[in-house]
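Survey of secondary and tertiary structure
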Amino acid sequence: MKYKIIHFLRVLTPWLAVLVLWRLSNPLWNPAGILAIIPIFYCSFVKPIPWFVPYAILFCFLIDYKFETLAFWTTLYCLFYAINGFQTFTDITKTDKNSIHIFAIFISIGMIVLLFMNFSFINIIRAIWIVLWVCALYIPISEIIKRVQNDR
């Protein structure tokens, strides 16, 4: 019985991580729940989990709702998912450091596009802060998910 509960919690960890990180939104540290992009990216591209994509699309839409962007993160995620499906250059699942460099490109493209949609000095600082903060937290959050799932 104990092992079934532990296995259930291991399976549930990525799903709960997205929900908790989205729910803990804060204007400075987690604007619009953007930190939920970390487990969404990790569990969709680096260590794909079956049936996680519809859940990821739903939460990208919810991030859009809180960010007040019209399906921006959802579209970016779906576009990146399609590009990843057709890629032959790099296999994200076999890269080192949990593919932090690809994640940094993903989040940076999103923030640059949002920056040019509403260009101002404050938004430049905000975009730089969000990219640096989310990229800095990518490794710890993805490592926690990896260790809980026993993928080491």
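Keep in mind the model is a prediction, meaning the values are calculated, not measured.

Observations concerning a nonpolar patch on the surface
Taken together, the side chains of M1, I5, F8 and L9 present a nonpolar region at the surface, about 470 Å² in accessible area. Position of L9 relative to the elements: it lies in helix 1 (residues 2–23). When its relative accessible area of 45% is taken as the criterion, L9 is described as partly exposed.

Details of the pattern of salt bridges
This structure, assessed with the given rule, holds two salt bridges. Measuring nitrogen to oxygen at the nearest pair gives 3.5 Å for the salt bridge that ties E143 to K146. Within this pair, E143 and its partner K146 are both found in helix 6 (residues 121–148), separated by three residues, close to a single helical turn. Note on K146: relative accessible area 15%, which makes it buried. For R147, the salt bridge goes to E143, with nearest N and O atoms at 3.6 Å. Of this pair, R147 and E143 both sit in helix 6, separated by four residues, roughly a single helical turn. One salt-bridge network, in which partners are shared between bridges, spans E143, K146 and R147.

Structural notes on the environment of N123
Tracing the sequence through the fold places N123 in helix 6. A relative accessible area of 15% places N123 in the buried class. Along the primary structure N123 and I38 are separated by 85 residues, whereas in three dimensions their C-alpha atoms are 21 Å apart.

Some remarks on helix 2 (residues 37–46)
For an α-helix, 3.6 residues make a turn, and residues three or four places apart therefore share a direction. Helix 2 sits mainly inside the fold: 10 of its 10 residues count as buried. Those residues of helix 2 that sit buried are I37, I38, P39, I40, F41, Y42, C43, S44, F45 and V46.

With respect to unusual backbone geometry
The residue E68 is not glycine, and still its phi comes out positive at about 60 degrees. Take E68: it is sitting in the loop between helix 3 (52–67) and helix 4 (72–86). On the basis of relative accessibility, which here comes to 76%, the residue E68 falls in the exposed class. The phi dihedral of K97 is positive, around 55 degrees, even though this residue is not glycine. Following the sequence through the fold, K97 ends up in the loop between helix 4 and helix 5 (100–117).

Some details on helix 3
Its 16 residues give helix 3 an end-to-end C-alpha distance of 22 Å, which sits within 8% of 22 Å, the value for a rise of 1.5 Å per residue. Among the residues making up helix 3, those that are buried are F52, Y55, A56, F59, C60, I63 and D64. Buried residues belonging to helix 3 abut helix 1, helix 2 and helix 4. Directly beyond the C-terminal end of helix 3, a positive phi value near 60 degrees is found at E68.

Thresholds applied
Residues numbered from 1 in each chain as written. Predicted model: local features only at pLDDT ≥ 70, side-chain atom pairs only at ≥ 80, totals over all residues. Heavy atoms only, no water. Patch = residues over 30% accessible without salt bridge, like charges linked within 9 Å, V, L, I, M, F, W, Y side chains within 5 Å. Areas by Shrake-Rupley, 256 points an atom, 1.4 Å probe, with all protein chains shown as cover. Salt bridge = Lys/Arg side-chain N within 4 Å of Asp/Glu carboxyl O. Helix = DSSP H or I, 4+ residues; strand = E, 2+ residues; numbered from the N terminus. Buried < 20%, exposed > 50% of the residue type's maximum accessible area, 1.4 Å probe, protein only. Expected span 1.5 Å × (residues − 1). Contact = heavy atoms within 4.5 Å.

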